[in-house]
Amino acid sequence: MNLALAEAKKAQRLNEVPIGALIVMDDQVVSTGHNLRETDQNATAHAELLAINEACRATGSWRLEDATLYVTLEPCPMCAGAILQSRIKRVVFGAHDPKAGCAGTFMDLLQDERFNHQCQVTSGILGEECGGILTAFFKELRNRKKALKKAKELKGAD
């Protein structure tokens, strides 16, 4: 999870939502990813999807049946779908996402027996650290927006 946090910090340096992911197979990191949605102006540029795409290229297969995905935030519905489609065996995440988490918090797509594939899920690993980086990012974003709004108001008063 520390490697996923390092990826999240890369996203943070780009003013992206700080989420990082990596995929491990046979005790080897085969791919990494961090959010690039703002940088690429691409709604699908989530850390998990970027790591899955890289892992598929690295292994030469869309089937990642022996893979473990580590991610700092619980996967959203889109990422959970990609995880199921790529047949990832296990997902380990840090912070729970009460608004969009689909690995047991908001809903549980990854272990829903109606799908033809389910994942093992481990949650809360370095949860405070993973959640803390997100909390700090959004606090700073709100502060920047408030300062910008205030600057515009002061300029308008001139």
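See the structure shown above.
Note that the structure is predicted; figures quoted are calculated from it, not measured.

### Section: the environment of phenylalanine 115
- With respect to the helices, strands and loops of the structure, phenylalanine 115 is situated in the loop between strand S4 (90-95) and strand S5 (120-122).
- Overall, phenylalanine 115 belongs to the partly exposed group, its relative accessible area being 38%.
- Linking phenylalanine 115 and glutamine 85, residues 30 residues apart in sequence, is a C-alpha distance of 9.8 Å.
- Setting aside residues no more than four positions away along its own chain, phenylalanine 115 makes contact with Leu84 and Leu109.

### Observations concerning helix H3 (residues 47-59)
- Its 13 residues give H3 an end-to-end C-alpha distance of 18 Å, which sits within 8% of 18 Å, the value for a rise of 1.5 Å per residue.
- Taken residue by residue, H3 has Ala47, Glu48, Leu49, Ala51, Ile52, Ala55 and Cys56 as its buried positions.
- Among the structural elements, strand S1 (20-25), strand S2 (28-34), strand S3 (68-73) and helix H4 (77-85) are those in contact with the buried residues of H3.
- The first or second residue beyond H3 is glycine 60, which carries a positive phi of 75 degrees.

### Re the state of the cysteines
- In total, this model carries zero disulfides according to the counting rule given.
- Here cysteine 56 is not disulfide-linked; the sulfur of cysteine 79 is the nearest cysteine sulfur, at 13 Å.
- Here cysteine 130 stays free of any disulfide, with the sulfur of cysteine 79 as its closest cysteine sulfur at 15 Å.

### Here we look at the environment of alanine 58
- Residue placement: alanine 58 occurs in helix H3.
- It is 29 Å that separates the C-alpha atoms of alanine 58 and alanine 100, two residues lying 42 residues apart in sequence.

### Digging into the pattern of salt bridges
- Counted under the stated rule, the structure contains four salt bridges.
- Linking glutamate 65 and arginine 63 is a salt bridge whose minimum nitrogen-to-oxygen distance equals 3.7 Å.
- A relative accessible area of 43% means that glutamate 65 is categorised as partly exposed.
- For arginine 114, the salt bridge identified is with aspartate 112, shortest N-O distance 2.6 Å.

The rules we used
- Residues numbered from 1 in each chain as written.
- Predicted model: local features only at pLDDT ≥ 70, side-chain atom pairs only at ≥ 80, totals over all residues.
- Heavy atoms only, no water.
- Helix = DSSP H or I, 4+ residues; strand = E, 2+ residues; numbered from the N terminus.
- Buried < 20%, exposed > 50% of the residue type's maximum accessible area, 1.4 Å probe, protein only.
- Contact = heavy atoms within 4.5 Å.
- Expected span 1.5 Å × (residues − 1).
- Disulfide = S-S within 2.5 Å.
- Salt bridge = Lys/Arg side-chain N within 4 Å of Asp/Glu carboxyl O.

Coordinates in, geometry out; function isn't part of it.
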